[in-house]
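# Remarks on the overall topology
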Amino acid sequence: MNPVNYLYLSSLLFTIGAAGVLVRRNAIVLFMCVELMLNASNLAFVSFARMNGNLDGQIVAFFVMVVAAAEVVVGLAIIVTIFRTRRSASVDDPNLLKL
Amino acid sequence: MNATLLAATSTGEAAAFWVLAPIAVVAALMIVLSRKAVHSALWMALTMMVLAVLFIMQGGIFLGVVQVVVYTGAVMMLFLFVLMLVGVDASDSFVETLRAQRVVAVLLALGLGGLIITGIGRATFPDPVGVGPANDAAGGHVEALAELIFTRYVFPFEVISALLIVAAVGAMVLTHRERLVPRKTQRELSAERIRSPHPTPMPTPGVYARHNAVDTPALLPDGSPEDTSVPEQLQRRGSSRAKASIEDVTELEAGES
């Protein structure tokens, strides 16, 4: 098997995540799809590290993981705050700026 | 670890890949297609686990373990926690606010996927080297990672630690709510209760009703629900079954007569 297959799998997962971000309405599911995209990119990084024979790809994957964790913490805090005032986790509801 | 580690894929790795890759893709699809957010979260956990195994298969042993600990452990727990906080049974509405948004979104996603996959298909990759030589140069996998993090990548590492602190403080600031009125002491609460028109304990829920769950109000002799029997918190959340029990009673009466 060619290790490039890992890259194909990674791009498939990334595409599914992107489709989820575009299609879903629930803010939490939307966040999960973003996480899926980040994880797919991690898989690509690890595959590149293996193909090129150095560990830089894995280090970048670590950094991506940390950024994802920070993003989740802040994002979920925002969702909880919006839910407190609007009683809804749907991304369609906060439309106060709309004319 | 030998120097040729993971330079080429073994039959075992190929078999594991062809078993795990479909699982990952199906689980990822189920995240998008599940109607309930909790189901999405569980499929997400499955995808994360499969990805952790794929990392380990490719020589990212430490990364795979971190993936399990951080993603399936911490991040998914946080997701489930917020889901329980925000309302588990809130399933997505299928009303489109923008016309044909779903179709356009799927087309765009297919276009993106096609673009990435053809890009990978047309690229020429060198023969895989494997992480074995890099590990051996530093005397072990974790040692090699540590050497990179604390030498070449020490500045990004520091920046990321600052980012983590900012994120933690930001989450605290965002979710913190100032108390507008001072908390009532037990003494004030009891004084209030004695002065109120109902000093005795509130009626228990579920008396004469169909269920004796806390969200089912007790029924008065005339069959109307007694709202004070349901805890105030449940009433405010709107999960009291007051309406349902009236319907139940009329249904019962209709059946009896």
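Just so it is clear, the structure is predicted and the values come from calculations on it, not from any experiment.

## Section: the overall build of chain A
- Regarding its fold elements, chain A presents three helices and zero strands.
- In chain A, the succession of α and β elements from N to C terminus is α-α-α.
- Judged by the C-alpha coordinates and their principal axes, chain A covers about 55 × 25 × 20 Å.
- Classification of the 99 residues of chain A by burial places 54% in the buried group.
- Summarising the internal contacts of chain A: among those between residues at least 6 apart in sequence, 48% fall at separations of at least 24.

## A look at the overall build of chain B
- A count of helical and extended segments in chain B gives ten helices and two strands.
- From first element to last, N terminus to C terminus, chain B shows the α and β order α-α-α-α-α-α-α-α-β-β-α-α.
- A sequence separation of at least 24 residues applies to 49% of the contacts in chain B between residues at least 6 apart.

## Overview of the interface of chain B and chain A
- Across the contact, 72 residues belong to chain B and 62 residues belong to chain A.
- When contributions to the side of chain B that touches chain A are tallied by element, the ones reaching two or more residues are helix H1 (11-33), helix H2 (37-57), helix H3 (61-86), helix H4 (101-122), helix H5 (132-138), helix H6 (141-150) and helix H7 (154-175) of chain B.
- Taken together, the residues of the side of chain B that touches chain A sort by class into 56 nonpolar, 13 polar and three charged.

## Examining the packing of H1 of chain B against H2 of chain B
Residues and elements named next belong to chain B.
- Interaxial distance between H1 and H2 falls to 8 Å at its minimum, and their mutual angle equals 155°. It follows from the interaxial angle that H1 and H2 lie roughly antiparallel. The interaxial crossing formed by H1 with H2 has left-handed handedness. From H1, Glu-13, Ala-16, Leu-20, Ile-23, Ala-24, Ala-27, Ala-28, Met-30 and Ile-31 reach across to H2, where they touch Ser-40, Trp-43, Met-44, Leu-46, Thr-47, Val-50, Leu-51, Val-53, Leu-54 and Met-57.
- Grouping the constituent residues of the contact of H1 with H2 by class yields 16 nonpolar, two polar and one charged.

## Here's the deal with the environment of Met-30 of chain B
- Mapped onto the elements, Met-30 of chain B comes out in helix H1.
- Sequence spacing of Met-30 of chain B and Tyr-71 of chain B is 41 residues, and the spatial spacing of their C-alpha atoms is 18 Å.

## A closer look at the packing of helix H1 (residues 4-23) of chain A against H1 of chain B
- One can describe the packing of H1 of chain A onto H1 of chain B by two numbers: an axis separation of 9 Å at closest approach and a directional angle of 10°. By the angle class used here, H1 of chain A and H1 of chain B are roughly parallel. Between H1 of chain A, through Asn-5, Leu-9, Leu-12, Leu-13, Ile-16, Ala-19, Gly-20 and Val-23 of chain A, and H1 of chain B, the contact on the second element is made entirely by Phe-17, Ala-21, Ala-24, Val-25, Ala-28, Leu-29, Ile-31 and Val-32 of chain B.
- The residue makeup of the contact of H1 of chain A with H1 of chain B, split by class, is 14 nonpolar, two polar and no charged.

## A look at the nonpolar core
- Judged by nonpolar contacts, the single largest core of 71 residues is most densely connected at Ile-28, Met-32 and Leu-36 of chain A together with Ile-31 and Met-44 of chain B.
- Secondary-structure elements contributing two or more residues to this core are H1, helix H2 (27-52) and helix H3 (56-86) of chain A together with H1, H2, H3, H4 and H6 of chain B.
- No other element matches H2 of chain A, which puts 17 residues into this core.
- Once you skip the residues sitting within four places of it in the chain, Ile-28 of chain A turns out to touch Ile-79 and Ala-89 of chain A together with Ala-37, Phe-79, Val-82, Leu-83 and Val-86 of chain B.

## Focus on the environment of Thr-81 of chain A
- Within the secondary structure, Thr-81 of chain A sits in helix H3.
- A count of 15 C-beta atoms within 10 Å places Thr-81 of chain A in the partly exposed class.
- Each C-alpha atom of the pair Thr-81 of chain A and Leu-30 of chain A lies 16 Å from the other, and the pair is 51 residues apart in sequence.
- Excluding residues within four positions of it along the chain, Thr-81 of chain A makes contact with Leu-174 and Thr-175 of chain B.

## With respect to H2 of chain A
Residue and element names in this part refer to chain A.
- For H2, built from 26 residues, the straight-helix expectation of 38 Å at 1.5 Å per residue is met to within 8% by its first-to-last C-alpha distance of 38 Å.
- Of all 26 residues in H2, 22 are buried; the element is thus mostly enclosed.
- The first or second residue beyond H2 is Gly-53, which carries a positive phi of 75°.

## Observations concerning the confidence of the model for chain B
- In this model, chain B carries an average pLDDT of 83, and 85% of its residues clear a pLDDT of 70 or more.
- Reported for the predicted complex are a pTM of 0.79 and an ipTM of 0.91.

## What to know about H1 of chain A
- With 20 residues, H1 of chain A extends 29 Å from end C-alpha to end C-alpha; this agrees with the ideal 28 Å at 1.5 Å per step.
- Across the 20 residues that make up H1 of chain A, a large majority, 14, are buried.

Each value, and the rule that gives it
Residues numbered from 1 in each chain as written. Chains lettered and ligands numbered in written order. Predicted model: local features only at pLDDT ≥ 70, side-chain atom pairs only at ≥ 80, totals over all residues. Helix = DSSP H or I, 4+ residues; strand = E, 2+ residues; numbered from the N terminus. Buried ≥ 20, exposed ≤ 12 C-beta atoms within 10 Å, placed from the backbone. Contact = placed C-beta atoms within 7 Å. Nonpolar A, V, L, I, M, F, W, Y, C, P; charged D, E, K, R; others polar. Axes fitted to C-alpha atoms, helices over the stretch in contact; angles between N-to-C directions. Parallel < 35°, antiparallel > 145°, perpendicular 65-115°, else oblique. Left-handed = near helix turned anticlockwise from the far one by under 90°. Core = buried A, V, L, I, M, F, W, Y, C linked by C-beta atoms within 7 Å. Expected span 1.5 Å × (residues − 1). pLDDT = per-residue confidence, 0-100.

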